[in-house]
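Report on the structure
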Amino acid sequence: MPAPKKPKLAVWKFSSCDGCQLQLLCCEDELLQVADAVEIAYFLEATRAQVRGPYDISLVEGSVSTPEEAERIRKIRRQSKILISIGACATAGGIQALRNFKDVDGFINAVYAHPEYIETLATSTAIRDHVDIDFELRGCPIDKGQLLEALSALLNGRRPNVPTHSQCVECKLMGTVCVMVAHGTPCMGPVTQAGCGNLCPSFNRGCYNCFGPKETPNTASLSAWFAKLGMDQRSIKHFYRSFNTNAPAFRRESEAHDKT
Amino acid sequence: MTANKSEALGTFVIAPSELGSLISALREDGYEVIGPKLADGAIVHEPLESADDLPVGYDDEQEGGTYRVAKNGANTYFDYVVGPHSWKRYLFPPDQQLCQMRRQGKTFRLIETKQEIPRYAFFGVRSCDLHAMQVQDKVFDNGEFADPGYMERRKAAFVVVVNCLRPAATCFCASMDTGPRATGGYDLALTELASKGRHEFLVEVGSSRGEEIFAKVSGRPATEADQSAPETASAKAANAMKREMVPDVQALLKRNLEHRRWDDVAKRCLTCANCTLVCPTCFCTTVEDYTDLTGSTAERRRRWDSCFTMDFSYVHGGSVRRETYARYRQWMTHKLSSWFDQFDVSGCVGCGRCITWCPVGIDITEEARAIRDSEGSR
């Protein structure tokens, strides 16, 4: 009897820095286990070898920012049983979504000697804005522990333990002293989804929302507190204008502080 | 674990230098001593090796959403009050493995893991926190659904109380009848006597276990004047307390499940869960199952959860408490009202942590007062 076929895994790249798919290679100790558990069918950062679709699991990194990408993500969706968007670019549009607030033609004319060679969309948007997705992993970059957890859960037919609550929960579980309450350092933790392992606060820095908005984020209340801590409107706006700036909750909140 | 009210088995006076002897005696007896330490700008609960680890001459300033520790120029040990950590971290750990399994053909086998019960000595427990332990005892030592791990840790734990001599601005234990002085339930209770050039500690022995440990510490029997010191000092601290819980809050909240104040607080509440996680009595957990990639081993873990997360009330079809007002109301009414129905005691001990550590300074005493003051005026 032949061995049962292993699920085919594909890793796709859109507009992004590659840092999230690199997290898969960063798994080091667990990488051989991953390679044992799945057939790596398409993963250009790891191997030139390509296996044709369809694929059981597609990990999609990056945002959709060109007409070509908008077309390609539809093809990938058709070839994928399960599609997981990974990282801030794929789940919110990434840092490159800062363009969504401005006139993209202005940028193109200012930057490129031959603007006519550039074919781009006016916006950078999440994978979810173009096709249905099955699951998403947040972060800039994603957390490799969460990646392995999501893969383990899928392969074993269980629900992934990837909570959508606040970053504060992670701080409290680990006993980290709240940097905002105890030091007055502005921190995005209360509106940001957990997942990084409370990296910044454990080094006495405020969270700057790599993992995007948590479930039911109350950004208005947090911003009012930032103002009490002495942040001006412009700084508050910029706080929300980073990797997850196009996530609806952060986009709206940054616009509320945009007086210019 | 000792009874709630106990006659002192003796009252003594020791020099500050004897705090070191007390810590040594506990360590020599096999206890892991956990006590106050200065770390990352806060007084936290960490393992202590000697009295040198104790922060000397520090005060804390607390307000809604604000906490600062500062040197106060004194040589006193316990001028600060409660910080970001509560003792539940040790008795009811944030993340625990419940069991581990290994696949065996088409079935699975439970892997036996016998965990050693730590013997903690909690050094510097405030009266509110001692009451919080007694509240959690009712939660976990409940017969059919008891938590044996909690009960064993609690039974093994040695409690050294420190009576508070000043309140933080966020404290309201006097109105909850949980402090500032501990009246029983401890092994040893310390009161720092520092005034007019005097610096000593009054020690009240509360259990035979406390008696055995204290035998290794040198001190003198307390005089009658010494013995009245804790009462006088705690009365002073109680009088200085700025916040209080409104009377009869249990019935007040029951009458006001539909009140516009819930919508008002929902505008400020971040649903971040900080209040529940710093609360010394909140006990909710979630249970998570994990597997490795191959599915050959699995484990079940229990970790702190909160009624402020969406997953907490998730049942078939979605979360029951989607709106912020519903989540805040669930927490506050449970803490101050339905806890009595469930456990015959208040779920709030007035430690004030939920006020201080709320990132936007929401004040449970203020919310209760606002409801009382506008009752019937929706």
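What follows concerns the overall build of chain A. Each helix and strand counted, chain A has 11 helices and five strands in total. For chain A, the C-alpha radius of gyration of 20 Å lies close to 18 Å, the compact-globule estimate for 260 residues. When its C-alpha atoms are laid out on the principal axes, chain A stretches across 70 × 55 × 25 Å. Across chain A, contacts joining residues at least 24 apart in sequence account for 72% of those joining residues at least 6 apart. With an accessible surface of roughly 12000 Å², chain A has 55% of that area assigned to carbon and sulfur atoms.

Here we come to the interface of chain A and chain B. Think of interface size as the accessible area that goes away when the parts come together; that is how it is often given. On the chain B side, the residues contacting the 37 residues of chain A number 47 residues. Carbon and sulfur atoms make up 55% of the surface buried where chain A meets chain B, a total of about 3300 Å² over both sides. Looking only at chain A, the three residues that lose the most surface to chain B are Lys172, Leu173 and Val181 of chain A, adding up to 21% of its buried area. At the surface where chain A touches chain B, the tally comes to one salt bridge. The shortest N-O distance in the salt bridge between Arg159 of chain A and Asp311 of chain B comes to 3.1 Å. Scanning the region where chain A abuts chain B turns up 27 residue pairs in polar contact (both at pLDDT 80 or more).

Another aspect to go through is the domain arrangement of chain B. All names here are of chain B. For chain B, the assigned domains are domain 1 (11-239) and domain 2 (249-373). Averaged C-alpha coordinates put domain 1 and domain 2 at centres separated by 25 Å. Contacts between the two partners involve 42 residues from domain 1, matched on the other side by 40 residues from domain 2. In this assembly, domain 1 packs against domain 2 so that about 3400 Å² is buried in total across both faces, 59% of it on carbon and sulfur atoms. Area buried by domain 1 at its contact with domain 2 is led by Lys88, Val135 and Phe172, which between them contribute 17% of it. In this assembly, domain 1 and domain 2 are joined by three salt bridges.

What follows is about the sheet that holds strand β7 (residues 107-111) of chain B. Residue and element names in this part refer to chain B. The four strands are arranged β7-β6-β14-β13 in an open sheet whose pairing can be described as antiparallel. Strands at the two margins of the open sheet, each flanked by one partner only, are β7 and β13 (285-291). Across this sheet, the average inter-strand angle for adjacent strands is 25°, counted without regard to direction. Here strand β6 (residues 95-104) runs beside β7; their pairing, made up of five bridges, is antiparallel.

Before going further, it helps to spend a moment on the confidence of the model for chain B. Taken over all residues, the pLDDT of chain B has a mean of 95, while the share at 70 or more is 98%. pLDDT under 50 marks residues 1-6 of chain B. Its contacts with residues more than four places away, or in other chains, come to 21 contacts.

Following the criterion strictly, the structure yields 28 aromatic pairs over all chains and no others. In this structure an aromatic cluster arises from ring pairing among Phe92, Phe140, Tyr150, Phe283, Trp304, Trp339 and Phe343 of chain B. Its guanidinium or amino end placed over the ring of Phe14 of chain A, Arg72 of chain A lies 4.1 Å from that ring's centre, counting from NZ or CZ. Its guanidinium or amino end placed over the ring of Phe101 of chain A, Arg251 of chain A lies 4.7 Å from that ring's centre, counting from NZ or CZ.

This part covers the sheet that holds strand β2 (residues 32-39) of chain B. Residues and elements named next belong to chain B. One open sheet accounts for eight strands, arranged β3-β2-β8-β9-β10-β11-β1-β12; its pairing is mixed. Each having just a single partner strand, β3 (42-47) and β12 (220-221) make up the two edges of the open sheet. Taken together, the three bridges between β2 and strand β8 (residues 120-125) define a ladder with parallel strand orientation. Looking at the pairing, Val33 lines up with Ala121 of β8. Against the sheet, helix α3 (residues 127-140) contacts β8 and β9 (158-162), and its axis sits at roughly 140° relative to β8.

With that out of the way, let us pick up the side chain of Thr324 of chain B. All names here are of chain B. Mapped onto the fold, Thr324 is located in helix α12 (residues 324-343). On the basis of relative accessible area, Thr324 is assigned to the buried category, the value being 16%. Excluding residues within four positions of it along the chain, Thr324 makes contact with Ala266, Cys269 and Thr271.

A few words on the packing of helix α9 (residues 219-228) of chain A against helix α11 (residues 248-256) of chain A. All names here are of chain A. Packing of α9 against α11 brings their axes to within 10 Å, and their N-to-C directions diverge by 45°. If you check the angle between α9 and α11, you find them oblique. The handedness of the crossing between α9 and α11 is right-handed. For the pair α9 and α11, contact is made by Thr219, Ala220 and Ser223 and by Ala249, Phe250 and Glu253, respectively.

Moving on: the environment of Arg329 of chain B. Residues and elements named next belong to chain B. Within the secondary structure layout, Arg329 lies in helix α12. Sequence separation of Arg329 and Lys196 is 133 residues, and the distance between their C-alpha atoms is 48 Å. When sequence neighbours within four positions are dropped, the list of residues in contact with Arg329 reads Leu257, Glu258, Trp262 and His334.

On to the pairing of β13 of chain B. Residue and element names in this part refer to chain B. Sheet topology places β13 next to strand β14 (residues 297-304); seven bridges connect them, and they run antiparallel. Directly across from Thr291, in β14, lies its bridge partner Ala298. Taking the residues that link successive antiparallel strands as the turn, the β13-β14 hairpin has five residues, and the phi of Gly295 there is positive, at about 75°.

Rules used in this analysis
Each chain carries its own residue numbering, running from 1 in the direction its sequence is written. Throughout, the order in which chains and ligands are written sets their labels, letters from A for the former and numbers from 1 for the latter. For a predicted model such as this one, the threshold for reporting local features is a pLDDT of at least 70, and the threshold for listing and counting side-chain atom pairs is 80 or more; totals across whole chains, interfaces and linings nevertheless cover every residue. Excluding hydrogens and water, the side-chain values take into account all heavy atoms of the structure. The secondary structure listing takes helices from DSSP runs of H or I that are at least 4 residues long and strands from runs of E that are at least 2 residues long, numbered from the N terminus. It is over C-alpha atoms that the radius of gyration is taken, and the globule rule equals 2.2 Å times the number of residues to the power 0.38. What makes two residues a contact is simply this: any of their non-hydrogen atoms within 4.5 Å. Areas reported here follow the Shrake-Rupley algorithm with a probe of radius 1.4 Å; residue values treat only the protein chains shown as occluding. The buried area of a pairing is the accessible area, by a 1.4 Å probe, that goes missing from both parts when the two are put together, added over both. Salt bridges are defined by distance alone: a side-chain nitrogen of Lys or Arg within 4 Å of a carboxyl oxygen of Asp or Glu. Any pair of N or O atoms that falls within 3.5 Å is considered a polar contact. Within protein, one atom must be able to donate a hydrogen and the other to accept it, and sequence-neighbouring residues count only if both atoms are side-chain atoms. For the purposes of this description, domain bounds are those given by an automatic or database domain assignment. At least two DSSP bridges between two strands are needed for those strands to be called paired. Between the N-to-C directions of two axes lies an angle of 0 to 180 degrees, each axis being a line fitted to C-alpha atoms and, for a helix, fitted only over the stretch in contact. Predictor confidence is given residue by residue as pLDDT, running from a minimum of 0 to a maximum of 100. What counts as a ring pair is set by centres within 6.5 Å for rings of Phe, Tyr and Trp (its six-membered ring), and what kind of pair is set by the plane angle: stacked under 30 degrees, edge-to-face over 60, tilted for all other angles. Any Lys NZ or Arg CZ found within 6 Å of a ring centre and within 35 degrees of that ring's normal is scored as a charge over the ring. Only protein chains enter the calculation, and the probe is 1.4 Å; a residue is then buried if its accessible area is under 20% of its type maximum, exposed if over 50%, and partly exposed in between. Any angle between 65 and 115 degrees counts as roughly perpendicular, while under 35 counts as roughly parallel, over 145 as roughly antiparallel, and the rest as oblique. Helix crossings get a hand from a simple test, with the near helix turned counterclockwise from the far one by less than a right angle marking a left-handed crossing and a clockwise turn marking a right-handed one.

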